[in-house]
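For reference, the chains in residue letters:
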Amino acid sequence: SQQGEEDPQALSIQEGENATMNCSYKTSINNLQWYRQNSGRGLVHLILIRSNEREKHSGRLRVTLDTSKKSSSLLITASRAADTASYFCATDAGSNYKLTFGKGTLLTVNP
Amino acid sequence: GAGVSQSPSNKVTEKGKDVELRCDPISGHTALYWYRQSLGQGLEFLIYFQGNSAPDKSGLPSDRFSAERTGGSVSTLTIQRTQQEDSAVYLCASRPPGQGHGYTFGSGTRLTVV
């Protein structure tokens, strides 16, 4: 079953704009991670936020986590055409750090 | 190696045949995971290996699916008597020991059962 659910399913913006994607989950977690996938193949790890953290930054990425609402958001600032990809949130809740993925948000950045 | 290596990258097989998919994780990564992704869908967990512990097979969809990991390194996912619904991209990922690490994914094997 899906733990994380991303919203929106698809997002189309112009280059230079900011993109915000949201993720909701159902159970308590250890960590929440965001991944990017190009062309339906391997995923690339973007950022990890622990359950006791509220915000984290990495370059143009900003992730927030609200454990009381069981939700997270990924903000990509000053988007570029190369940011076009599917973005997945994933959560782990057990001692084996097994990740449960949502269905992803398809981001299209138009030049 | 520098990354997680999967082979073959593409596999077309006839319904009813057996297939073997290979994953070579990053050296030193004790945890290895297999997922599959059907077209336009999220990732579905299949199986997890951690060191010498018994694998977590809870995601395997049927007894036609099996996996092994030899010597704590290379893993092989075997699908027996393939069916058309097995068509998907099969992704392998590895992770260093301990908390706070993301997965490193391979590029996947696209399996098409005809």
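Residues numbered from 1 in each chain as written. Chains lettered and ligands numbered in written order. Predicted model: local features only at pLDDT ≥ 70, side-chain atom pairs only at ≥ 80, totals over all residues. Heavy atoms only, no water.

Novice: Help me understand the overall build of chain A in this model?
Specialist: When helices and strands are counted, chain A shows zero helices and eleven strands. Each helix (α) and strand (β) of chain A, taken in turn from the N terminus, gives the series β-β-β-β-β-β-β-β-β-β-β. If one aligns the C-alpha atoms of chain A with their principal axes, the spans along those axes are about 40 × 25 × 20 Å. Residues counted as buried form 45% of the 111 residues belonging to chain A. Within chain A, counting contacts between residues at least 6 apart in sequence, those at least 24 apart form 56% of the total. Within the structure as shown, chain A displays about 5,100 Å² of accessible surface, and the carbon and sulfur contribution to it stands at 45%. The positive charge centre, built from 13 side chains, and the negative charge centre, built from 10, are 6 Å apart in chain A. (Helix = DSSP H or I, 4+ residues; strand = E, 2+ residues; numbered from the N terminus. Buried < 20%, exposed > 50% of the residue type's maximum accessible area, 1.4 Å probe, protein only. Contact = heavy atoms within 4.5 Å. Areas by Shrake-Rupley, 256 points an atom, 1.4 Å probe, with all protein chains shown as cover. Lys, Arg positive; Asp, Glu negative; His and termini not counted. Charge placed at Lys NZ, Arg CZ, Asp CG, Glu CD.)

Novice: Can you walk me through the sheet that holds strand β1 (residues 5–7) of chain A in this structure?
Specialist: Paired through their backbone hydrogen bonds, the strands of a sheet run either parallel or antiparallel. All names here are of chain A. Reading across the sheet, the five strands line up as β1-β3-β8-β7-β6 and stay open at both edges, with antiparallel pairing between neighbours. Each edge of the sheet is formed by a strand with only one pairing partner; in this case those strands are β1 and β6 (55–58). Averaged over all neighbouring strand pairs, the angle between strand axes comes to 20°, with direction disregarded. (Pairing = 2+ DSSP bridges. Axes fitted to C-alpha atoms, helices over the stretch in contact; angles between N-to-C directions.)

Novice: Would you mind showing me how to read the side chain of Glu6(A) here?
Specialist: All names here are of chain A. Among the secondary structure elements, Glu6 is positioned in strand β1. Despite its burial, Glu6 pairs with no opposite charge; the closest candidate is Lys103, at 9.0 Å N-O. For Glu6, the side chain forms a polar contact with the main-chain nitrogen of Cys89, separated by 2.7 Å. A distance of 2.8 Å separates the side chain of Glu6 from the backbone nitrogen of Gly104, its partner in a polar contact. With residues near it in sequence (within four places) discarded, Glu6 still touches Asn22, Cys23, Trp34, Tyr87, Phe88, Cys89, Gly102, Lys103, Gly104 and Thr105. (Salt bridge = Lys/Arg side-chain N within 4 Å of Asp/Glu carboxyl O. Polar contact = N/O pair within 3.5 Å; in protein donor to acceptor, adjacent residues only side chain to side chain.)

Novice: Would you mind going over the packing of aromatic side chains with me for this structure?
Specialist: For any two aromatic rings, the description comes down to two numbers: the centre-to-centre distance and the angle of the planes. Applying the stated criterion across every chain, the model contains eleven aromatic pairs over all chains. An aromatic cluster is defined as three or more aromatic residues linked by ring pairs; in this entry it consists of Tyr35(A), Phe101(A), Tyr33(B), Tyr35(B), Phe45(B), Tyr48(B), Tyr103(B) and Phe105(B). (Phe/Tyr/Trp six-rings, centres within 6.5 Å; stacked < 30°, edge-to-face > 60°.)

Novice: Can you walk me through the environment of Val114(B) in this structure?
Specialist: All names here are of chain B. When you line up the elements, Val114 lands in the segment after β10 (109–113). Val114 sits in the exposed class, given a relative accessible area of 52%. Separated by 99 residues in the primary sequence, Val114 and Lys15 have C-alpha atoms spaced 5.7 Å apart. The contacts of Val114, once residues within four sequence positions are left out, are Val12, Thr13, Glu14, Lys15 and Gln84.

Novice: What is the right way to read the interface of chain A and chain B from this model?
Specialist: Listed per partner, the contact involves 20 residues of chain A and 27 residues of chain B. Approximately 1,800 Å² of surface area, both sides summed, lies buried where chain A meets chain B, with 49% of it carried by carbon and sulfur atoms. It is Arg41(A), Tyr97(A) and Lys98(A) that lose the most area in chain A upon contact with chain B, and together they represent 33% of the buried surface on that side. Inspection of the region where chain A meets chain B yields one salt bridge. The residue Asp56(B) makes a salt bridge to Lys98(A) at a minimum N-O spacing of 3.7 Å. (Buried area = accessible area lost by both parts, 1.4 Å probe.)

Novice: In this structure, what is going on with the nonpolar core? I would like to understand it.
Specialist: All names here are of chain A. In this structure, Leu32, Trp34, Leu74, Ile76, Tyr87 and Leu107 are the most contacted members of the largest nonpolar core, which totals 21 residues. Elements represented by at least two residues in this core include exactly β3 (19–24), β4 (31–37), β5 (43–50), β7 (61–66), β8 (71–76), β9 (85–92) and β11 (105–110). Dropping the residues within four chain positions of it, Ile76 is found in contact with Glu17, Asn18, Ala19, Met21, Arg60, Leu61, Asp83, Tyr87 and Leu107. (Core = buried A, V, L, I, M, F, W, Y, C linked by side-chain atoms within 4.5 Å.)

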